[in-house]
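Architecture and fold: a report
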2 protein chains.
Amino acid sequence: MIETVQLHSSAKKSIFAHSFVKHSRLLRLAVVAAFGFGAAALSGCGAKDDDDAKTAAGKITGISDSVQKIVADRGLTPDDIKAAVSTYVPSGKHDDYVMFASGGHSGQVFAIGVPSMRMLRSIAVFTPEPWQGYGYGTGSNVLAEGAVDGKTITSGDSHHPVISETNGDYDGQYLFIGDKANGRIAVIDLRDWETKQIVKNPLIVGNHGGTSVTPNTDYIIEGSQYATPLGWEYAPLEEYKQKYRGLATFWKFDRKAGRVDREQSFAVELPPYWQDLFTSGKGVSDGWVFGNSFNVEQATGGIEEGKPPVEAGASQRDTDYLHIFNLKKAEQLFKDGKAEKIKGLSVISLKTAAEEGVLYFAPENKSPHGVDVAPNGEYIVVSGKLDPHVTVYSFEKIQQTIAAKKWKPDEYGVPVLDFDSTVEARVEVGLGPLHTQFDNKGYAYTSLFLDSAVARWTLGGKYSSMHPEEAWKEIAKTPVQYNVGHICIPGGDTMHPDGKYLVALNKWSVDRFVPTGPLLPQNLQLLDIGGGGDKMQVLYDMPVGVGEPHYGVMIAAGKLPSWTVYPQAGWDPHTQAVDANAPLPGKERIVRNGGTVEVFMTAVRSHFTPEHVKIKKGDHVIWHITNAERTQDATHGFTIQGHNISLSIEPGETNTFEFTADTAGTYPFYCVEFCSALHLEMMGYLLVEP
Amino acid sequence: MIETVQLHSSAKKSIFAHSFVKHSRLLRLAVVAAFGFGAAALSGCGAKDDDDAKTAAGKITGISDSVQKIVADRGLTPDDIKAAVSTYVPSGKHDDYVMFASGGHSGQVFAIGVPSMRMLRSIAVFTPEPWQGYGYGTGSNVLAEGAVDGKTITSGDSHHPVISETNGDYDGQYLFIGDKANGRIAVIDLRDWETKQIVKNPLIVGNHGGTSVTPNTDYIIEGSQYATPLGWEYAPLEEYKQKYRGLATFWKFDRKAGRVDREQSFAVELPPYWQDLFTSGKGVSDGWVFGNSFNVEQATGGIEEGKPPVEAGASQRDTDYLHIFNLKKAEQLFKDGKAEKIKGLSVISLKTAAEEGVLYFAPENKSPHGVDVAPNGEYIVVSGKLDPHVTVYSFEKIQQTIAAKKWKPDEYGVPVLDFDSTVEARVEVGLGPLHTQFDNKGYAYTSLFLDSAVARWTLGGKYSSMHPEEAWKEIAKTPVQYNVGHICIPGGDTMHPDGKYLVALNKWSVDRFVPTGPLLPQNLQLLDIGGGGDKMQVLYDMPVGVGEPHYGVMIAAGKLPSWTVYPQAGWDPHTQAVDANAPLPGKERIVRNGGTVEVFMTAVRSHFTPEHVKIKKGDHVIWHITNAERTQDATHGFTIQGHNISLSIEPGETNTFEFTADTAGTYPFYCVEFCSALHLEMMGYLLVEP
């Protein structure tokens, strides 16, 4: 009985803390019907044992019997049961939200259903992926566009996804993502969930603060991290201050074309402080952009030469610099021709930026990870990771400080605003604060890396009336497992966040899952933040063993414009239009023109037409395949054995690939996506005559 | 109230059908304590409304109140609740089983925790994967070993995983997997979950029946599918019967070395029927191997030339051939020098195999998918996919038929046994039967592709006493969503299967999940088969959007020998031994030898030593990094910006990669795995002087 008492106590603490609305008698009836237990309480009873109770309750308690047996066998606690029924999504029902998480050095993006925390799909971005047919035939042109030093890169370190916005809220049309390892950004179309463009920044070899968007997606913002000379040309570290630079790039997005417009894009040269995350202002701060930095010491390491290692050298001063950009002014300078073209990209020089009021700094507690803007745009939150406080800057105060010219220039001539004049509040949240997101109840949430926890704290100002607690105060803290980096709330970086769920993107999982060898998955934990107040229960642990998600953005599933099949047979996903050259049923053919053979093939359940492709060694082959199906999920795949070709041809899609037949032989080709009862028979022969 | 009644009815049907053991009063108390509902029934009460009930129940029903609210809000049914509490694994607790599923044309293997159906990890096999550092530095030697026509292949179509066995049961040491697209098999070591070897079959360009193992993992079996000339040399289709062949390859596995021993391996030449799955006998049939086939018509298609398309041509006859191998005899012939070396692989000719009693055929209903052997080895199950029955062959009857020489030769001289003499039973199961697995209660389970269902049926003979039902009879059928291919039960293809869960690997998901564009995930569904009898509830839908799992094998999690960190700092995972050349803390250095620069680097939180690597354009660089950490999960990653290098260096591991510095410039390198609070500072500079 001791155990019983303990569990009561735990239940009371954990469940009663939530304030649920009173439900009506009708609702109560439906609940009992659906769940079965509690029926005795509803109907009243004089039952003295289990069997009698069943009778009294009209056979309803039998449900709880079987469920109770499972609960006992599996050792579930009341909190576990709550979590189970909160996250379980029955067969055929859909998740409420989709989180797009970066895949870290997998180079991909992962779409995760919430609250079930099931990975719905990977979207191949920087790394070839044969299941999606990305980079193994079609798609390779996108990867080639992102070449570095003339070489196609087949990996990436995808960091910060962002959904396109209209008026400061997600519109669900596009997803953008940066590649820290190679200084690139990618554009994904959320109609077909495919990567359409990879833009290599010609001036920075890596980035970090990418991507974020302005409130109407006019610009996609990309910030550098580790400084190099612009164009990453060689310069010795002794010339660091003279030649090494940071960069903020504002890529103009052409929404209609679905592409970055390089000609309308520009960048701002920055001192070689290591810029980190960049985020756009919104609402009252629309037209401004904020970034953080973490090595204003300009340390470059050299532990082997007796110099302080980077992590020590970069932590010597108490403060780094919050970067504050007047984007509207920068855009005007660019349009006025005050930017200089370097390697094809228009750059506003550091000198111009400092002199013309494009760039300001404000001190920030040292070595923060990121900067976050509250929903209405008034507050800018930065956490120095070695300080237990978050610092809340006021946009209004920043403007006043600029107007009053309360600044001193840094060594590059950039105005450093007076710290005290810009700050609205400082809130103690715990050890190792990194990133902050916002909800719809006037709360902010900050990840605490060293505490391995998520803190909830109250916003002040106009947000004060949204919550019952004192403003600018931590009110809840929930441990997470372990070492949380970013956190993600639906719309948590927009003007209208939702407030039901929070995902903690934890970096270490250690003991959470069945060990998977020395390489362990990450642990993404779902927290219930719907109740407000001092309770935030961890509902679910999701192992991620296909990459290292760095950050995520979450959107209501209903806002996604996904196509179920391509609009028309013969569709080219790269141009998002019908390919006039696409093979169609009845028009299949093989055309030889000298040493070039062009194959026009269709695929329908359960055959390819033609089934025989006869060529000669040395021929160059251009091979088109149209999936002529119009049924959702009737995807066909295609491979030629031994040829390293892997296509995923979705209903309506046309794929084209090319190769030179440099080895004679007999090569079966077949459908690689199990499409029908006669799928194994969906094959043909490529015959390469010597 | 109508809805209420309906739900009662559903609850009664679905829950009471399970026969749970009576639980003791003590257990009952624990259940109530943990779950809270049903308390009124236990204690007896005179409560007339909700508030009173709470009092009577000692504040316990509060738990069910909050859970009931969630259940009502989310519209969960009693079956949903049962499923939720059956599959939810609380934070920090582990799944009971791990299913290793092939990744289809993703080329990988996925490890999935059961019953939670969470993907724990991907294991890179045939496709490079930068998160694991596979093929982006180290690991590429394994991919190079699997080259086809001299070219490294960076994709695959992974099909049939199998766990190494001792005495016919999984021992958990190794995992093997075949690549249908390129005729390869791979060896994965389950201590560190890494791919150690890819073996290219020199005689077949593709495969399908790969892999399976003999009961003590002496041999890994690989079967061809689409016939080509051996060595896939060119031959016109007109010479199909003369020159095209199938092949069964028996790869000798050296368990101590953890590698296939090519010299001790051999193959058996087969007619150009399209062989499908091969599986080893066990118990009474140990020493024999069985395979199915599906195109004894020897059709090759040619729809564009007016010939019947493959799927029609290959379905003209009523029967195909079950392949029956006497492996012991084949091994003896090989050892006696009766095999001929072709392209380095020893081959027993079709003529020898037929004449010496190595190979027999038995008619099977046409176009089956696979062949499965019951736990004690006596029964061999084949399902012709166009026939609603499974056919159960008796190993004893096969032996008697062989002894009695009741056969006629096929056109290649292979004895075709008399069908009726070999068959034990035929069981009607439904439309499109494909694959069969077994449990520990005398039941078999068959996937029904066209019915989109899983059937449970009873085995006869010695299994009859294990179940209450009549032998050789279907007793349950559960719909699945949709188009199920393989199914997987823990140990379901071994001598001692478990019987708690079944996973249906469904090929289409259609409407099951939030739409993810035209390319949808697969749907792996977990079924509760623990209760026996006529009920098998679908417990969970798992979307798989990172590949197309073809087949899976499931093992108790506790049987896996996973290392948490590598045994010693400086470990080379390829040799599974300490690398004598590995850099160790205090011994870091850069050594120049002419135009070759060798870097000996260590990684510990939070720095690399050395932090500066200064070379000249044109230098060839050999770069070793040891992760000197001994803490579980303290993995470091490594990339050099713009260089397409991505390493995952787990605790203790040493990685080596090489490149030629052909472009001058300034290239930051950094840790790509978020390792510590100062992770962003874990970086250095590669300076390539012009």
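Throughout what follows, the structure given in this document is the object of discussion. (Residues numbered from 1 in each chain as written. Chains lettered and ligands numbered in written order. Predicted model: local features only at pLDDT ≥ 70, side-chain atom pairs only at ≥ 80, totals over all residues. Heavy atoms only, no water.)

1. Concerning the packing of aromatic side chains
Selection rule: To pair, rings of Phe, Tyr and Trp, with the six-membered ring standing in for Trp, must have centres within 6.5 Å; the planes then decide the type, stacked if under 30 degrees apart, edge-to-face if over 60, and tilted in the middle. Numbering goes from the N terminus for both helices and strands, where a helix is a DSSP run of H or I of at least four residues and a strand is a run of E of at least two. Exposure is judged per residue with a 1.4 Å probe applied to protein chains only, and the accessible area is read against the type maximum: over 50% gives exposed, under 20% gives buried, and values in between give partly exposed. A ring is considered to have a charge above it if a Lys NZ or an Arg CZ atom is located within 6 Å of its centre and within 35 degrees of its normal.
For the structure on display, the rule yields 81 aromatic pairs over all chains. Measuring from centroid to centroid gives 6.1 Å for Tyr379(B) and Tyr463(B), while their planes differ by 45 degrees, and the two rings are tilted. Taken as a pair, Tyr379(B) in strand S20 (residues 379-384) and Tyr463(B) in the loop between strand S27 (453-458) and strand S28 (474-479) lie far apart in primary sequence, 84 residues in all. Residue Tyr379(B) is classed as buried on the basis of its relative accessible area, which comes to 5%. We classify Tyr463(B) as buried; its relative accessible area is 6%. Ring pairs connect the aromatic residues Tyr219(A), Phe250(A), Phe266(A), Phe278(A), Phe325(A) and Phe334(A), which therefore count as one cluster. The ring of Trp232(B) carries the charged tip of Lys343(B) above its face, separated from the ring centre by 5.8 Å. Above the ring of Phe294(B), the side-chain terminus of Lys385(B) is found at 5.9 Å from the ring centroid.

2. A few points about the pattern of salt bridges
Cut-off, in case you're wondering: Each reported salt bridge corresponds to a side-chain nitrogen of Lys or Arg within 4 Å of a carboxyl oxygen of Asp or Glu.
On inspection of all chains with the given rule, the structure shows 52 salt bridges over all chains. Across the pair Asp192(A) and Lys196(A) runs a salt bridge whose closest N-O atoms are separated by 2.7 Å. Residue classification places Lys196(A) among the buried residues on the basis of a relative accessible area of 2%. A salt bridge links Lys341(A) to Glu263(A); the shortest N-O distance between them is 3.1 Å. Pair noted here: Lys341(A) is in strand S16 (residues 340-342) and Glu263(A) is in strand S12 (residues 259-270), with a separation of 78 residues, a long-range link. A single salt-bridge network, built from bridges that share partners, covers Glu305(A), Lys307(A) and Lys614(B).

3. Details of unusual backbone geometry
Residues and elements named next belong to chain A. A cis geometry characterises the amide bond from Val 114 onward to Pro 115, with omega recorded as 20 degrees. Note that Pro 115 resides in the loop between strand S2 (109-114) and strand S3 (118-123). With an omega dihedral of -10 degrees, the bond running from Gln 481 to Tyr 482 counts as a cis peptide bond. Along the chain, Tyr 482 turns up in the loop between strand S28 (474-479) and strand S29 (484-488). At Val 510, a position not held by glycine, the phi torsion is positive, near 50 degrees.

4. Re the sheet that holds strand S42 (residues 647-649) of chain A
Residue and element names in this part refer to chain A. Quick reminder of the rule: A pair of strands is labelled paired if DSSP reports no fewer than 2 bridges between them. Axis angles are defined between N-to-C directions and span 0 to 180 degrees, where every axis is a line fitted to C-alpha atoms and, for a helix, only to the segment in contact.
Here we have 5 strands laid out as an open sheet, ordered S39-S45-S44-S41-S42, and mixed in their pairing. Whereas interior strands pair on both sides, the edge strands pair on one side only; in this sheet they are strand S39 (612-616) and S42. Direction aside, neighbouring strands of the sheet carry axes that sit 20 degrees apart on average. Of the pairings in the sheet, the one linking strand S41 (residues 636-640) to strand S44 (residues 665-670) comprises 2 bridges and is antiparallel in character. Residue pairing across strands places Ile 640 opposite Phe 669, the latter belonging to S44.

5. Examining the relation of the copies chain A and chain B
Rules: Least-squares superposition aligns the copies on the C-alpha atoms of those residues with pLDDT at or above 70 in both. Contacts are assigned to residue pairs that have any heavy atoms within 4.5 Å of one another.
Turning chain A through 180 degrees and shifting it by 0.0 Å along the axis lays it on chain B, with an RMSD of 0.0 Å. When the rotation and shift are considered jointly, the pair of chain copies conforms to a two-fold rotation axis. With an isologous cut-off of 70% or more, the 100% of interface residues of chain A that recur at the interface of chain B puts this contact in the isologous class.

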